[in-house]
Amino acid sequence: MVQGDSLKWEYNLPIGGSATAEAWVDLNGNGIIDPSTDIPLFGAMTQTDGQSSQDNGPGDMDGLVNGHI
């Protein structure tokens, strides 16, 4: 990924469920996240199925309680 690219992710959860996500930068390029060598891109954020707004990150983009974020 290069600077300026966008991130996209999807979760399949139990209906109304929540997921906590973290994005990390793999500084040594070994494909494994290791807190002693890599750095978090941003802090952990929680997303809940059906909640379109979240205090610490983006909400569920479709806003539906359907098991998918």
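So, a few notes on the structure that sits alongside this text.

Parameters and conventions
- Residues numbered from 1 in each chain as written.
- Predicted model: local features only at pLDDT ≥ 70, side-chain atom pairs only at ≥ 80, totals over all residues.
- Heavy atoms only, no water.
- Patch = residues over 30% accessible without salt bridge, like charges linked within 9 Å, V, L, I, M, F, W, Y side chains within 5 Å.
- Areas by Shrake-Rupley, 256 points an atom, 1.4 Å probe, with all protein chains shown as cover.
- Salt bridge = Lys/Arg side-chain N within 4 Å of Asp/Glu carboxyl O.
- Helix = DSSP H or I, 4+ residues; strand = E, 2+ residues; numbered from the N terminus.
- Buried < 20%, exposed > 50% of the residue type's maximum accessible area, 1.4 Å probe, protein only.

Residues Leu-7, Trp-9 and Leu-41 make up a contiguous nonpolar surface patch of roughly 270 Å² in combined accessible area. Within the element layout of this structure, Trp-9 appears in the segment before β1 (18-25). Judged by its relative accessible area of 31%, Trp-9 falls in the partly exposed class.

For the coordinates displayed, the defined rule picks out one salt bridge. Lys-8 is the partner of Glu-10 in a salt bridge, and the nearest nitrogen-oxygen pair spans 3.8 Å. For Lys-8, a relative accessible area of 72% translates into the label exposed.

By themselves, these are just geometric observations and shouldn't be taken as functional.
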